[in-house]
Amino acid sequence: MGGASGKSGHRVWRNARLATMAEGAAGLGIVEKGAVVARDGLIVYAGPEADMPLAAGQGAETVDCVGRWITPGLIDCHTHLVYAGNRANEFEMRLAGATYEEVARAGGGIVSSVKSLRAASEDELVAQTLPRLDALMAEGVTTVEVKSGYGLDADSEKKSLRAARRLADERPVTIRTACLAAHALPPEAKGDKDAFIDLVAGTILPQVAADNLADAVDGFCEGIAFSPEQMARVFDKAKALGLPVKLHADQLSNLHGAALAARYGALSADHLEYTDEEGAAAMAKAGTVATILPGAYYFIRETKKPPVDLFRRHGVKMAVATDSNPGTSPLTSLLLTMNMAATLFGMTVDECLAGVTREAARALGLLDKTGTLEAGKSADLAIWDIERPAELVYRMGFNPLHARTWRGQ
Ligand code: DI6
Ligand code: FE
C-alpha cells in the first residue's frame, strides 16, 4: 500500500483500529483511533493517534487506513511445510474404508513422504514448498516455523532444514526451523528404535547444530513413534548442544509427553488431545506453551479434544497452529485453523487471535521480537478489511487481508 517507504524505512499507519495483543492489556488490547509508526523495520509507536509523539511521525510516509483493523502479523508456530509430493492417494484409500495400518502396509504413511523427500533435490523442495508458504502469507502470516522429519537420515534432514532456511531468502517472512529427526522410524532402521535414537542423538543433531540449521529440536512421543525414555535421550543431547526443545505430545494416547516436555523446560508441547491434569499443571509451572492443532484433529477424525479448560484453569498459555503436513493436516490457512479451534474446541475469539500472534511468538521463543504491536518489536503487521476482530475467526474460506507488512516493508 502507498508508495515505496521513505529513505529511512519510516512509515505511519494512521486512522486505524488496533488489536495490539499486548500482554497485560485487557482482551485484544484494542485501540479505536490508533496509529502505528515503524522506523528501520521496528515499531517505534503503537497506540492512540492523539498520543503519538510528534517526533515519531515527523517526515514519515503516511498511510491512511480509513478505519481498517491492524493486528500483529500472524505466526504459524507448528508446520511441516517442507515436503515433496502429497498423500492424496492415501486420503482416497481412507475414504474407501482402508485403515491407517492398511495404508501403511501399502507403502503409505510418513514413510512414503520420506521416500519422496529423499528423492527430491533441495531446489525441488524449495519450489514445492513456496506455494504453501504463499498461501499462509496471503492471510497475513509473517513468521512460520518449519520442521524437518521426512528425511530421517543426516543428509536428508539437513537438506530439508536448508530448504526451510532458504524460504526466507525467497520471501519476506521470518522462518524458524525445528529438527524433528525423531519423527518416525525409517525403513533402514529395521524396527530398531533405540539404534535410531542413537543415530539421532549421536550423529544427526550434532551435524544439524554444527551447520546452525535448527532453532529448536522437536520429537514425536507416541506409541507409533518414540517413547518418553527415547525422547529424553534426544532432549538431553539438544540441551547439550544449547538448543531449546518442543514436543508432539499426547496426540493419540497419554504417554505423559506434556509432563516430559515441561520437565525439559520445552518452549511448547503440541497436540495434547490426551493430556491430563498433571501434564497441564507441569506445563503451567514450566511456562511451556500448549500448541493447539485442530487441523490434525479434524482430518484424522479424532474425537478426544485437547483439554482447553484444564489449560485455562492452570494458566497454560495456548497457541494455535496449522500443523501443515501431507499426512494428517494438509492445511495452509491460519484463518480457517482459528475457526476450527473455536468451533471444535470452544476457544474464544480472543484466545484464537492471541494463539496466532502473541502466544505463537512465545511458543517460538520470539516474544521479545514479534507477536504484539508494541514499540521495540519488528514491524510485522496485518491490515484487515473487517468491522470487528471476530470476523477473522468466524468466516470459513474467505480472506479479508488488505495488506501485510514484514519488518516495516
Ligand atoms: N503428528 C502428526 O500428526 C504428523 N506428525 C506428527 O508427529 C503426521 C505426519 C504425517 O503423517 O506425515
Ligand atoms: Fe506436527
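Residues numbered from 1 in each chain as written. Chains lettered and ligands numbered in written order. Predicted model: local features only at pLDDT ≥ 70, side-chain atom pairs only at ≥ 80, totals over all residues. Heavy atoms only, no water.

A. Geometry of the layout of surface pockets. If you add up the space inside the largest pocket, you get close to 960 Å³. For the largest pocket, the lining is made up of 39 residues, of which Arg87, Tyr100, Ile110, Ile224 and Thr328 are closest to its centre. Of all the elements in the fold, those that place two or more residues in the lining of the largest pocket are helix H2 (88-95), helix H3 (100-105) and helix H4 (110-119). Class assignment for the residues of the lining of the largest pocket results in 21 nonpolar, 11 polar and 7 charged. Lining the second largest pocket are 16 residues, and of these Lys317, Glu351, Ala354, Arg358 and Glu359 lie nearest its centre. For the lining of the second largest pocket, the elements supplying multiple residues, two or more each, are helix H12 (308-314), helix H14 (349-355) and helix H15 (358-363). Top contributing element to the lining of the second largest pocket by residue count: H14, with 3 residues. When its residues are assigned to classes, the lining of the second largest pocket shows 8 nonpolar, 2 polar and 6 charged. (1 Å grid on protein atoms, 1.4 Å probe; cavity = no way out; pocket = protein on both sides within 12 Å on 5 of 7 lines; lining within 4 Å. Points joined across faces, edges and corners; volume = space filled by probe spheres on them. Helix = DSSP H or I, 4+ residues; strand = E, 2+ residues; numbered from the N terminus. Nonpolar A, V, L, I, M, F, W, Y, C, P; charged D, E, K, R; others polar.)

B. Structural detail: the pattern of salt bridges. In this structure the tally under the stated criterion is 29 salt bridges. The shortest N-O distance in the salt bridge between Arg14 and Glu49 comes to 2.6 Å. Here Glu49 lies in the loop between strand E3 (42-48) and helix H1 (54-57) and Arg14 lies in strand E1 (residues 10-19), a separation of 35 residues in the sequence. Between Lys369 and Asp368 there is a salt bridge whose closest N-O contact spans 3.8 Å. Judged by relative accessible area, Asp368 falls into the exposed class, the value being 52%. (Salt bridge = Lys/Arg side-chain N within 4 Å of Asp/Glu carboxyl O. Buried < 20%, exposed > 50% of the residue type's maximum accessible area, 1.4 Å probe, protein only.)

C. Geometry of the side chain of Glu273. Mapped onto the secondary structure, Glu273 falls in the loop between strand E11 (268-271) and helix H10 (277-286). This buried residue, Glu273, is left without a salt bridge; Lys304 holds the nearest opposite charge, at 9.0 Å. In contact with Glu273, other than residues within four places in its own chain, are Asp250, Gln251, Leu293, Tyr297, Glu302, Lys304, Lys305, Pro306 and Pro307. (Lys, Arg positive; Asp, Glu negative; His and termini not counted. Contact = heavy atoms within 4.5 Å.)

D. Expanded view of the pairing of E11. Taken together, the 4 bridges between strand E10 (residues 246-249) and E11 define a ladder with parallel strand orientation. Opposite Ala249, over in E11, you have His271 as the bridge partner. One crossover worth recording links E10 to the parallel E11 by way of helix H9 (residues 257-263), and it is right-handed. Across 3 bridges, the pairing between E11 and strand E12 (residues 289-292) is parallel. (Pairing = 2+ DSSP bridges. Right-handed = clockwise from strand over helix to strand, strands pointing away.)

E. Examining the nonpolar core more closely. Membership of the largest hydrophobic core comes to 92 residues, with the highest contact counts inside it found for Leu133, Val144, Met231, Val234, Met283, Phe311 and Met347. When neighbours within four sequence positions are excluded, Phe311 is seen to be in contact with Leu272, Thr275, Ala280, Met283, Ala290, Ile292, Val316 and Met318. Judged by nonpolar contacts, the second largest core, of 15 residues, contains Ala16, Val31, Ile43 and Val63. (Core = buried A, V, L, I, M, F, W, Y, C linked by side-chain atoms within 4.5 Å.)

F. Examining the packing of aromatic side chains more closely. According to the stated counting rule, one finds 4 aromatic pairs in the structure shown. Ring geometry for Phe196 and Phe226: centres 5.9 Å apart, planes at 20 degrees, overall stacked. With Phe196 in helix H7 (residues 193-210) and Phe226 in the loop between strand E9 (216-221) and helix H8 (228-240), the pair connects residues that are 30 residues apart, well separated along the chain. Phe226 matches Phe196 in its accessibility class, with the two residues each being buried. Ring centres of Tyr297 and Phe345 lie 4.8 Å apart, and the angle between their planes is 75 degrees; this geometry places the pair in the edge-to-face category. One end of the pair, Tyr297, is in helix H11 (residues 294-299); the other, Phe345, is in helix H13 (residues 334-345), and 48 residues separate them in sequence. Residue Tyr297 is classed as buried on the basis of its relative accessible area of 8%. Judged by its relative accessible area of 10%, Phe345 is buried. Between Arg132 and the ring centre of Tyr83, over which it is positioned, the NZ or CZ distance is 3.5 Å. Over the face of the ring belonging to Tyr274 we find Lys304, whose NZ or CZ atom lies 5.6 Å from the ring centre. (Phe/Tyr/Trp six-rings, centres within 6.5 Å; stacked < 30°, edge-to-face > 60°. Lys NZ or Arg CZ within 6 Å of the ring centre and 35° of its normal.)

G. Structural detail: unusual backbone geometry. You will see that Asp250, though not glycine, has its phi angle at about 55 degrees, which is positive. Mapped onto the secondary structure, Asp250 falls in the loop between E10 and H9. In this structure Asp250 comes out as buried when scored by relative accessible area, which is 2%. One non-glycine residue, Arg407, lies in positive phi territory at about 50 degrees. Inspection of the secondary structure puts Arg407 in the segment after strand E15 (401-405).

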